[in-house]
Amino acid sequence: MKATSMKDKKAKVRVFGLEGDHPCVWMKAGVINFKLCDNAYDCLTCAFDKAMAEKVEAGDPHFRAWRSAYQEKTYNQKECRHALTGRVPMRLCGNAYECAECEFDQMLESRSMTEVLGRPPLLEVSGFRLADGYYYHPRHTWARVEHGGLVRFGVDDFTMHLLGYVTHVRLPKLGVPVEGNKPAWTFRREEKIAPLVAPMDGVVVAVNHKASDNPQLIKDDPYGEGWLVVVEPRHLKRDLTELYADQAARTWLTAEVHRLEALVAPDAELPLAATGGEVVEDIYGSVPHLTWDQLVAEFLAP
(Lines give C-alpha, C1' and ligand atoms only; values in the text may rest on other atoms or scores of the structure.)
Protein backbone atom coordinates (compact mmCIF):
# COMPACT_ATOMS: atom_id res chain seq x y z
CA MET A 1 0.00 0.00 0.00
CA LYS A 2 1.34 3.39 -1.00
CA ALA A 3 1.38 6.08 1.67
CA THR A 4 -0.36 9.39 1.04
CA SER A 5 1.95 12.37 0.70
CA MET A 6 1.15 15.94 1.68
CA LYS A 7 0.12 16.81 -1.89
CA ASP A 8 -3.05 14.76 -1.46
CA LYS A 9 -4.48 17.25 1.00
CA LYS A 10 -4.18 20.98 1.58
CA ALA A 11 -2.05 21.58 4.65
CA LYS A 12 -0.35 24.59 6.17
CA VAL A 13 3.38 24.67 6.66
CA ARG A 14 4.14 22.94 9.95
CA VAL A 15 6.81 24.94 11.77
CA PHE A 16 8.63 22.93 14.40
CA GLY A 17 7.88 24.17 17.90
CA LEU A 18 4.85 26.26 16.90
CA GLU A 19 1.43 24.74 17.49
CA GLY A 20 -1.94 25.94 16.29
CA ASP A 21 -2.61 28.84 13.93
CA HIS A 22 0.02 31.52 13.38
CA PRO A 23 -1.36 35.05 12.73
CA CYS A 24 0.49 37.07 10.09
CA VAL A 25 2.36 40.08 11.45
CA TRP A 26 0.11 42.34 9.34
CA MET A 27 -2.86 40.93 11.27
CA LYS A 28 -0.98 41.24 14.58
CA ALA A 29 -0.41 44.93 13.84
CA GLY A 30 -4.11 45.47 13.10
CA VAL A 31 -3.55 46.49 9.47
CA ILE A 32 -5.76 43.66 8.19
CA ASN A 33 -8.57 41.77 9.89
CA PHE A 34 -7.49 38.19 9.26
CA LYS A 35 -4.49 36.45 7.71
CA LEU A 36 -2.58 33.41 8.94
CA CYS A 37 1.10 32.96 8.16
CA ASP A 38 1.82 30.13 5.73
CA ASN A 39 5.51 30.85 5.16
CA ALA A 40 7.13 29.95 8.51
CA TYR A 41 7.39 33.65 9.40
CA ASP A 42 9.92 34.26 6.65
CA CYS A 43 8.68 37.68 5.59
CA LEU A 44 11.54 38.24 3.15
CA THR A 45 10.30 35.55 0.77
CA CYS A 46 6.57 35.96 1.46
CA ALA A 47 4.47 36.85 -1.58
CA PHE A 48 1.73 38.34 0.62
CA ASP A 49 4.18 40.58 2.48
CA LYS A 50 5.61 41.77 -0.83
CA ALA A 51 2.15 42.52 -2.22
CA MET A 52 1.16 44.43 0.90
CA ALA A 53 4.37 46.45 0.85
CA GLU A 54 3.70 47.38 -2.78
CA LYS A 55 0.19 48.59 -1.87
CA VAL A 56 1.61 50.76 0.90
CA GLU A 57 4.32 52.18 -1.36
CA ALA A 58 1.76 52.93 -4.07
CA GLY A 59 -0.17 55.05 -1.57
CA ASP A 60 -3.21 52.81 -1.13
CA PRO A 61 -5.22 54.64 1.57
CA HIS A 62 -6.62 51.38 2.94
CA PHE A 63 -3.25 50.06 4.12
CA ARG A 64 -0.19 51.15 6.02
CA ALA A 65 3.01 49.24 6.81
CA TRP A 66 2.78 46.94 9.82
CA ARG A 67 6.03 48.42 11.14
CA SER A 68 4.50 51.91 11.02
CA ALA A 69 1.52 50.69 13.02
CA TYR A 70 3.81 49.39 15.75
CA GLN A 71 6.07 52.43 15.77
CA GLU A 72 3.05 54.53 16.79
CA LYS A 73 2.54 52.47 19.94
CA THR A 74 4.07 53.29 23.32
CA TYR A 75 7.40 51.62 24.03
CA ASN A 76 5.97 48.93 26.31
CA GLN A 77 3.65 47.89 23.46
CA LYS A 78 6.36 47.69 20.81
CA GLU A 79 6.88 43.95 20.77
CA CYS A 80 9.87 42.58 18.91
CA ARG A 81 8.98 40.84 15.65
CA HIS A 82 10.12 37.54 17.15
CA ALA A 83 7.81 38.03 20.14
CA LEU A 84 4.93 38.80 17.77
CA THR A 85 5.50 35.53 15.97
CA GLY A 86 6.03 33.45 19.10
CA ARG A 87 9.70 32.74 18.54
CA VAL A 88 10.70 34.25 21.89
CA PRO A 89 8.44 34.65 24.94
CA MET A 90 8.69 38.44 25.34
CA ARG A 91 10.96 41.15 23.97
CA LEU A 92 10.43 44.80 23.11
CA CYS A 93 11.89 46.43 20.01
CA GLY A 94 14.27 49.32 20.54
CA ASN A 95 15.48 49.41 16.93
CA ALA A 96 12.48 50.94 15.09
CA TYR A 97 11.73 47.53 13.55
CA GLU A 98 14.84 47.71 11.37
CA CYS A 99 15.36 43.96 11.69
CA ALA A 100 18.16 43.81 9.12
CA GLU A 101 20.27 46.05 11.39
CA CYS A 102 19.29 44.42 14.69
CA GLU A 103 22.01 42.53 16.59
CA PHE A 104 19.42 40.41 18.41
CA ASP A 105 17.82 39.39 15.12
CA GLN A 106 21.17 38.40 13.65
CA MET A 107 22.15 36.50 16.79
CA LEU A 108 18.88 34.58 16.73
CA GLU A 109 19.25 33.65 13.07
CA SER A 110 22.87 32.58 13.53
CA ARG A 111 22.02 30.44 16.54
CA SER A 112 19.14 28.74 14.76
CA MET A 113 21.48 27.59 12.00
CA THR A 114 23.89 25.68 14.20
CA GLU A 115 21.91 24.62 17.26
CA VAL A 116 19.11 22.10 17.58
CA LEU A 117 16.46 24.24 19.22
CA GLY A 118 13.96 21.88 20.82
CA ARG A 119 13.68 18.10 20.84
CA PRO A 120 11.02 16.28 18.83
CA PRO A 121 8.67 13.75 20.41
CA LEU A 122 9.67 10.31 19.09
CA LEU A 123 7.09 7.82 17.89
CA GLU A 124 7.70 4.12 17.35
CA VAL A 125 6.48 2.76 14.02
CA SER A 126 6.97 -0.96 13.43
CA GLY A 127 10.04 -0.90 15.67
CA PHE A 128 11.67 2.22 14.17
CA ARG A 129 11.79 5.72 15.62
CA LEU A 130 10.02 8.57 13.82
CA ALA A 131 10.23 12.23 14.89
CA ASP A 132 6.87 13.95 15.20
CA GLY A 133 6.61 17.32 13.46
CA TYR A 134 9.11 16.47 10.70
CA TYR A 135 8.57 15.93 6.97
CA TYR A 136 9.91 12.76 5.30
CA HIS A 137 11.18 12.09 1.79
CA PRO A 138 10.36 8.65 0.31
CA ARG A 139 14.12 7.89 0.27
CA HIS A 140 14.40 8.27 4.06
CA THR A 141 15.73 11.78 4.52
CA TRP A 142 13.85 14.33 6.61
CA ALA A 143 13.15 18.05 6.61
CA ARG A 144 12.31 20.14 9.66
CA VAL A 145 10.94 23.65 9.05
CA GLU A 146 12.48 26.14 11.46
CA HIS A 147 10.94 29.38 12.68
CA GLY A 148 11.99 32.00 10.12
CA GLY A 149 11.84 29.71 7.09
CA LEU A 150 15.14 27.82 7.19
CA VAL A 151 14.92 24.03 6.87
CA ARG A 152 17.08 21.45 8.65
CA PHE A 153 17.88 18.13 6.89
CA GLY A 154 18.89 14.71 8.19
CA VAL A 155 18.34 10.98 7.74
CA ASP A 156 15.84 8.80 9.57
CA ASP A 157 16.28 5.98 12.07
CA PHE A 158 15.39 3.41 9.40
CA THR A 159 18.45 4.46 7.35
CA MET A 160 20.85 3.99 10.24
CA HIS A 161 19.48 0.54 11.08
CA LEU A 162 19.66 -0.40 7.41
CA LEU A 163 23.31 0.62 6.99
CA GLY A 164 24.34 -0.49 10.47
CA TYR A 165 27.07 2.06 10.99
CA VAL A 166 28.89 4.75 9.03
CA THR A 167 32.64 5.37 8.97
CA HIS A 168 32.69 8.55 6.86
CA VAL A 169 30.20 11.31 6.01
CA ARG A 170 30.67 13.72 3.13
CA LEU A 171 28.44 16.81 3.39
CA PRO A 172 27.98 19.68 0.90
CA LYS A 173 29.83 22.95 1.49
CA LEU A 174 28.28 26.24 2.53
CA GLY A 175 26.63 28.09 -0.32
CA VAL A 176 26.19 24.97 -2.44
CA PRO A 177 22.71 24.49 -3.95
CA VAL A 178 21.05 21.11 -3.43
CA GLU A 179 18.11 19.72 -5.37
CA GLY A 180 15.24 17.64 -4.06
CA ASN A 181 15.30 14.01 -5.20
CA LYS A 182 18.99 14.25 -6.14
CA PRO A 183 22.10 13.17 -4.16
CA ALA A 184 23.20 15.83 -1.68
CA TRP A 185 25.61 13.92 0.60
CA THR A 186 27.14 10.48 0.95
CA PHE A 187 27.60 7.98 3.75
CA ARG A 188 30.42 5.44 3.67
CA ARG A 189 30.86 2.19 5.54
CA GLU A 190 34.42 1.10 4.90
CA GLU A 191 34.60 0.88 1.08
CA LYS A 192 30.79 0.86 0.60
CA ILE A 193 29.16 4.17 -0.38
CA ALA A 194 25.53 5.28 -0.12
CA PRO A 195 24.35 8.48 -1.86
CA LEU A 196 21.42 10.15 -0.07
CA VAL A 197 18.98 12.63 -1.52
CA ALA A 198 17.97 16.10 -0.40
CA PRO A 199 14.31 16.22 0.57
CA MET A 200 13.83 19.58 -1.19
CA ASP A 201 15.58 22.35 -3.12
CA GLY A 202 17.71 24.85 -1.23
CA VAL A 203 21.08 26.49 -0.62
CA VAL A 204 23.24 25.20 2.23
CA VAL A 205 23.68 27.79 5.00
CA ALA A 206 24.96 25.54 7.81
CA VAL A 207 26.72 22.17 8.10
CA ASN A 208 26.91 19.92 11.16
CA HIS A 209 30.65 19.26 11.45
CA LYS A 210 30.16 17.40 14.73
CA ALA A 211 28.12 14.77 12.89
CA SER A 212 30.60 14.44 10.02
CA ASP A 213 33.49 14.13 12.48
CA ASN A 214 31.61 11.60 14.61
CA PRO A 215 29.12 9.60 12.46
CA GLN A 216 28.02 7.61 15.52
CA LEU A 217 26.12 10.77 16.51
CA ILE A 218 23.85 10.26 13.50
CA LYS A 219 23.19 6.69 14.56
CA ASP A 220 22.46 7.60 18.19
CA ASP A 221 20.43 10.77 17.60
CA PRO A 222 19.35 11.06 13.94
CA TYR A 223 16.61 13.63 14.66
CA GLY A 224 18.58 15.84 17.04
CA GLU A 225 22.34 16.29 17.35
CA GLY A 226 22.77 14.06 14.28
CA TRP A 227 21.25 16.60 11.87
CA LEU A 228 23.31 17.18 8.71
CA VAL A 229 22.69 20.53 7.01
CA VAL A 230 20.45 23.59 7.17
CA VAL A 231 19.24 25.14 3.91
CA GLU A 232 17.48 28.25 2.76
CA PRO A 233 14.66 26.68 0.74
CA ARG A 234 13.82 27.79 -2.78
CA HIS A 235 10.25 26.54 -3.02
CA LEU A 236 9.21 25.74 0.54
CA LYS A 237 5.45 25.26 0.22
CA ARG A 238 5.70 23.53 -3.15
CA ASP A 239 8.35 21.06 -2.05
CA LEU A 240 6.63 20.20 1.23
CA THR A 241 3.62 18.88 -0.69
CA GLU A 242 5.83 16.07 -2.02
CA LEU A 243 6.84 14.87 1.46
CA TYR A 244 5.13 12.76 4.11
CA ALA A 245 4.04 14.14 7.48
CA ASP A 246 1.90 13.13 10.46
CA GLN A 247 -0.28 10.08 9.74
CA ALA A 248 0.92 9.90 6.13
CA ALA A 249 4.50 9.53 7.41
CA ARG A 250 3.53 6.74 9.79
CA THR A 251 1.65 4.90 7.03
CA TRP A 252 4.60 5.27 4.65
CA LEU A 253 7.14 3.97 7.16
CA THR A 254 4.94 0.99 7.99
CA ALA A 255 4.83 0.13 4.29
CA GLU A 256 8.62 0.48 4.05
CA VAL A 257 9.10 -1.94 6.95
CA HIS A 258 6.83 -4.46 5.21
CA ARG A 259 8.99 -4.18 2.09
CA LEU A 260 12.09 -4.75 4.17
CA GLU A 261 10.54 -7.76 5.88
CA ALA A 262 9.77 -9.28 2.47
CA LEU A 263 13.45 -8.95 1.48
CA VAL A 264 14.62 -10.37 4.80
CA ALA A 265 12.12 -13.28 4.78
CA PRO A 266 14.62 -16.07 3.94
CA ASP A 267 16.46 -15.21 7.18
CA ALA A 268 13.40 -15.44 9.41
CA GLU A 269 15.51 -15.33 12.59
CA LEU A 270 16.25 -11.62 12.06
CA PRO A 271 14.06 -9.81 14.61
CA LEU A 272 11.83 -7.18 13.05
CA ALA A 273 8.65 -5.67 14.45
CA ALA A 274 6.45 -8.45 13.07
CA THR A 275 8.34 -11.03 15.13
CA GLY A 276 7.86 -9.07 18.35
CA GLY A 277 11.57 -8.45 18.95
CA GLU A 278 13.69 -5.31 18.77
CA VAL A 279 14.97 -4.34 15.36
CA VAL A 280 18.54 -5.49 14.80
CA GLU A 281 21.01 -2.58 14.81
CA ASP A 282 22.88 -3.65 11.67
CA ILE A 283 20.54 -5.06 9.03
CA TYR A 284 23.16 -5.03 6.25
CA GLY A 285 25.67 -6.88 8.40
CA SER A 286 23.11 -9.37 9.70
CA VAL A 287 21.45 -10.59 6.49
CA PRO A 288 24.00 -12.42 4.30
CA HIS A 289 21.86 -12.56 1.16
CA LEU A 290 21.18 -8.81 1.09
CA THR A 291 23.96 -6.79 -0.54
CA TRP A 292 24.81 -3.17 0.24
CA ASP A 293 23.99 -2.08 -3.32
CA GLN A 294 20.63 -3.85 -3.15
CA LEU A 295 19.58 -2.15 0.09
CA VAL A 296 20.77 1.27 -1.05
CA ALA A 297 19.00 0.97 -4.41
CA GLU A 298 15.81 -0.34 -2.83
CA PHE A 299 15.42 2.27 -0.09
CA LEU A 300 17.89 5.17 -0.27
CA ALA A 301 19.30 6.05 -3.69
CA PRO A 302 17.43 8.40 -6.05
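Here is what the cut-offs are and how they apply
- Residues numbered from 1 in each chain as written.
- Predicted model: local features only at pLDDT ≥ 70, side-chain atom pairs only at ≥ 80, totals over all residues.
- Heavy atoms only, no water.
- Buried < 20%, exposed > 50% of the residue type's maximum accessible area, 1.4 Å probe, protein only.
- Salt bridge = Lys/Arg side-chain N within 4 Å of Asp/Glu carboxyl O.
- Helix = DSSP H or I, 4+ residues; strand = E, 2+ residues; numbered from the N terminus.
- Pairing = 2+ DSSP bridges.
- Axes fitted to C-alpha atoms, helices over the stretch in contact; angles between N-to-C directions.
- Contact = heavy atoms within 4.5 Å.
- Expected span 1.5 Å × (residues − 1).
- 1 Å grid on protein atoms, 1.4 Å probe; cavity = no way out; pocket = protein on both sides within 12 Å on 5 of 7 lines; lining within 4 Å.
- Points joined across faces, edges and corners; volume = space filled by probe spheres on them.
- Parallel < 35°, antiparallel > 145°, perpendicular 65-115°, else oblique.
- Left-handed = near helix turned anticlockwise from the far one by under 90°.
- Nonpolar A, V, L, I, M, F, W, Y, C, P; charged D, E, K, R; others polar.

Participant: Sorry, what's going on with unusual backbone geometry here?
Facilitator: Peptide bonds are mostly trans, and most non-glycine residues show a negative phi. Positive phi outside glycine occurs at Ala-40, with the angle close to 55°. Residue class for Ala-40 comes out buried when judged on its relative accessible area of 2%. Of note in the backbone geometry, Glu-190 takes a positive phi value of approximately 55° without being a glycine.

Participant: Looking at this structure, I do not really get the pattern of salt bridges. What am I missing?
Facilitator: Close approach of charged atoms allows side chains of opposite charge to pair. Applying the stated rule across the entire model yields 16 salt bridges. With a shortest N-O distance of 3.5 Å, Glu-179 and Lys-182 are connected by a salt bridge. Here Glu-298 ties to Arg-259 by a salt bridge, and the two come within 2.4 Å at their closest N and O atoms. One end of the pair, Glu-298, is in helix α12 (residues 292–300); the other, Arg-259, is in helix α10 (residues 246–264), with 39 residues separating them in the sequence.

Participant: How should I be thinking about the sheet that holds strand β8 (residues 183–189) in this particular structure?
Facilitator: Strands pair in a sheet through their backbones, by hydrogen bonds, and they do so in one of two ways: parallel or antiparallel. Taken together, three strands build an open sheet; the order of strands is β6-β8-β9 and the sheet is antiparallel. Strands with a single pairing partner mark the edges of an open sheet, and in this sheet they are β6 (168–170) and β9 (192–197). Between one strand axis and the next, the sheet turns through 20° on average, direction left out of account. As defined by bridge partners, β8 adjoins β9 across six bridges and the pair is classed as antiparallel. Bridge assignment links Pro-183 to a residue of β9, and that residue is Val-197. Relative to β9, α12 is tilted by about 5°, and along the sheet it contacts β8 and β9.

Participant: Quick question: what am I supposed to make of the environment of Phe-153 here?
Facilitator: With respect to the secondary-structure elements, Phe-153 resides in strand β5 (residues 151–155). For the pair formed by Phe-153 and Val-229, sequence separation is 76 residues and the distance between their alpha carbons is 5.4 Å. Not counting the four nearest positions on each side in its chain, Phe-153 is found in contact with Trp-142, Ala-143, Val-178, Trp-185, Ala-198, Pro-199, Met-200, Trp-227, Leu-228, Val-229 and Val-231.

Participant: I'm lost on α10 in this one. Help?
Facilitator: Residues spaced three or four apart along an α-helix face the same direction, because each turn holds 3.6 residues. Taking 1.5 Å of rise per residue, the 19 residues of α10 would be expected to cover 27 Å, and the 27 Å separating its terminal C-alpha atoms lies within 8% of that figure. Listed in full, the buried residues belonging to α10 are Ala-248, Ala-249, Trp-252, Leu-253, Ala-255, Glu-256, Val-257, Leu-260, Glu-261 and Val-264.

Participant: I would appreciate a short explanation of the pairing of β8 in the present structure.
Facilitator: For a regular strand, side-chain orientation follows a simple rule: the groups alternate between the two sheet faces. Two elements, β6 and β8, share three bridges in a ladder whose sense is antiparallel. Within the sheet, the bridge partner assigned to Arg-170 lies in β8 and is Thr-186. Between the end of β8 and the start of β9, which pair antiparallel, lie two residues, with Glu-190 showing a positive phi angle near 55°.

Participant: Can you walk me through empty space enclosed by the protein in this structure?
Facilitator: If you roll a probe as big as a water molecule over the atoms, it shows you where there is empty space left. Counting across every chain of the model gives two cavities of 30 Å³ or more. Approximately 120 Å³ is the volume attributed to the largest cavity. Lining the largest cavity are 14 residues, and of these Cys-24, Cys-37, Cys-43, Cys-46 and Asp-49 lie nearest its centre. Breaking the lining of the largest cavity down by element, the ones donating at least two residues are α1 (25–28) and α2 (47–57).

Participant: Looking at this model, I keep getting lost on the packing of α10 against α12. Mind explaining?
Facilitator: Two quantities define a packed helix pair, namely the angle between the axes and the distance from one axis to the other. Relative orientation of the contacting elements α10 and α12 amounts to 155°, with a least axis distance of 12 Å. With respect to α12, the element α10 is oriented roughly antiparallel. Considering how the two elements wind past one another, α10 and α12 form a crossing that is right-handed. Of α12, the residues touching α10 (which contributes Glu-256, Arg-259, Leu-260 and Leu-263) are Gln-294, Leu-295, Glu-298 and Phe-299. For the contact of α10 with α12, the per-class residue count stands at four nonpolar, one polar and three charged.

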